Amino acid sequence: MIKLGKTQNLQVARHSDFGVYLFDPDASKEDQVLLPKGQVPEGLDVGDKISVFVYKDSEDRFIATTATPALELGQIALLPVAQVTKIGAFLRWGLSKDLLLPFKEQTKEVAQEEDVLIALYIDKTNRLCATMKIYEFLSTDSPYQKEDMVTGRVYETSGNFGVFVAVDNQYSALIPRQEVFTPLYPGMEVTARVVNVREDGKLTLSLREKSFIQMDEDAKIIYERLCCSPKGMLPFHDKTDAEIIKREFHLSKNAFKRAIGRLMKENKIRIEKDGIYLL
């Protein structure tokens, strides 16, 4: 059976003025696809086999090509937007016909020449299309272990769960909501630390270093802000509401307390009822 969206070895059934017709030698010879004349290698004859990718032309007919697309059915790739039209965006993927990314498959508005992370699927009308909803296409067999540093791309955000990331553009990962202290948006590239590899293989990430490492950086941020304060004072302390700490310093309440504790031990600050002061 000839497979849409896949590279496959097909056999030459016959020649025509338009090219050669190919079929799957393990299926019916009646099911054939055209390899256009301009792509037929010299000397290719009836009975010979050739590796081709099968997609659909502008008239919605199966067509074969010797060109190699950026991805195949079920795979994920980062593709540039060629143009945005009334029906969606068209992406360059290495073939003469650009790949449609319908509006309903976009998780955010895209712009011309923007790179978008998408998966290739077959829609209800049996056409190849792109989708930015890639969760179900991501792999869960990454080589990464706890404490490894990874790079990934944000593909979705959730107020309930956190930020979903495609590590290496292919592995499923999540930055939990409580670990998100700065705004993250689909398309952003992030570097993070693996804090857990779940039983199902999905990765849990943090944008922060281990607490004993991060504490030095957090303390530096707070101390520099104190130094820039006209009175050498900030109206925050270990009793300040966690949401205020998150908004002002992009830190969790625990991280903030560890950092000011470090500054106190180093005799750089003192804590009063109304805030923290430089010494």
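### Quick look at the overall build of the chain
The helix and strand inventory of the chain stands at three helices and 18 strands. Computed over C-alpha atoms, the radius of gyration of the chain comes to 27 Å, more than 25% over the 19 Å expected from 2.2 N^0.38 for 279 residues, which places it beyond the range of a compact globule. On the principal axes, the C-alpha backbone points of the chain span a range of 90 × 40 × 30 Å. Counting every position in the chain, which comprises 279 residues, the buried fraction comes to 44%.

### Some details on the layout of surface pockets
Taken as a whole, the largest pocket holds about 200 Å³ of empty space. As for the largest pocket, its lining consists of 13 residues, of which Lys97, Asp98, Leu100, Arg127 and Leu128 are closest to the centre. Broken down by secondary-structure element, the contributors of at least two residues to the lining of the largest pocket are strand 4 (49-56), strand 8 (99-102) and strand 10 (128-131). Grouping the constituent residues of the lining of the largest pocket by class yields eight nonpolar, no polar and five charged.

### Notes on the nonpolar core
If you look at the biggest cluster of nonpolar residues, it comprises 23 residues, and the most contacted ones within it are Leu79, Leu91, Trp93, Leu99, Leu101 and Ile118. Excluding residues within four positions of it along the chain, tryptophan 93 makes contact with Phe53, Pro69, Ala70, Leu71, Leu79, Asp98, Leu99, Leu120 and Leu128. Core analysis: the second largest hydrophobic core is formed by 16 residues, Tyr144, Ala192, Leu203 and Leu205 among them.

### Overview of the sheet that holds strand 11 (residues 149-158)
The strand order around the closed barrel built from five strands is 11-12-13-15-14, with neighbouring strands paired in mixed fashion. Taken over all neighbouring pairs, the strand axes of this sheet differ in orientation by 50° on average, direction set aside. The pairing of strand 14 (residues 189-197) with strand 15 (residues 203-206) spans four bridges and is antiparallel. Looking at the pairing, valine 197 lines up with leucine 203 of strand 15.

### Quick word on the sheet that holds strand 18 (residues 275-278)
Two strands in a sheet stick together by hydrogen bonds in their backbones, pointing the same way (parallel) or opposite ways (antiparallel). Ordered in space as 16-18-17, the three strands form an open sheet in which the pairing is antiparallel. Because the sheet does not close on itself, it has two edges, and the strands there are strand 16 (233-234) and strand 17 (269-272). Across two bridges, strand 16 lies against strand 18 in antiparallel orientation. Bridge pairing links methionine 233 to tyrosine 277 in strand 18. In this fold helix 3 (residues 253-265) packs onto strand 17 and strand 18, with an angle of close to 120° to the strand it touches most, strand 17.

### Considerations on helix 2 (residues 242-249)
Think of an α-helix as 3.6 residues a turn; residues three or four steps apart then line up on the same face. The N-cap of helix 2, judged by a side-chain oxygen 2.9 Å from the amide nitrogen of glutamate 243 a few residues on, is aspartate 241. Backbone geometry just after helix 2 places histidine 250 at a positive phi near 60°.

### Quick word on the pattern of salt bridges
What the rule picks out here adds up to 14 salt bridges. Note that glutamate 189 and arginine 153 form a salt bridge whose closest N and O atoms lie 3.6 Å from each other. With glutamate 189 in strand 14 and arginine 153 in strand 11, this residue pair connects regions lying 36 residues apart in the sequence. The exposed category is assigned to glutamate 189, whose relative accessible area is 55%. A relative accessible area of 14% places arginine 153 in the buried class. The closest approach of N and O atoms between aspartate 200 and arginine 198, which form a salt bridge, is 2.5 Å. Judged by relative accessible area, arginine 198 falls into the partly exposed class, the value being 39%. Through salt bridges with shared partners, a single network forms among Asp57, Glu59 and Arg61.

### Details of unusual backbone geometry
We note that asparagine 169 has phi near 60°; this positive angle belongs to a residue other than glycine. For asparagine 169, the location among the structural elements is in the loop between strand 12 (162-167) and strand 13 (171-176). One non-glycine residue, histidine 250, lies in the positive phi region at around 60°. Along the chain, the position of histidine 250 falls in the loop between helix 2 and helix 3.

What counts as what
Residues numbered from 1 in each chain as written. Predicted model: local features only at pLDDT ≥ 70, side-chain atom pairs only at ≥ 80, totals over all residues. Heavy atoms only, no water. Helix = DSSP H or I, 4+ residues; strand = E, 2+ residues; numbered from the N terminus. Rg over C-alpha atoms; globule rule 2.2 N^0.38 Å. Buried < 20%, exposed > 50% of the residue type's maximum accessible area, 1.4 Å probe, protein only. 1 Å grid on protein atoms, 1.4 Å probe; cavity = no way out; pocket = protein on both sides within 12 Å on 5 of 7 lines; lining within 4 Å. Points joined across faces, edges and corners; volume = space filled by probe spheres on them. Nonpolar A, V, L, I, M, F, W, Y, C, P; charged D, E, K, R; others polar. Core = buried A, V, L, I, M, F, W, Y, C linked by side-chain atoms within 4.5 Å. Contact = heavy atoms within 4.5 Å. Pairing = 2+ DSSP bridges. Axes fitted to C-alpha atoms, helices over the stretch in contact; angles between N-to-C directions. Polar contact = N/O pair within 3.5 Å; in protein donor to acceptor, adjacent residues only side chain to side chain. Salt bridge = Lys/Arg side-chain N within 4 Å of Asp/Glu carboxyl O.

No statement about biological role is implied by the geometric values presented.
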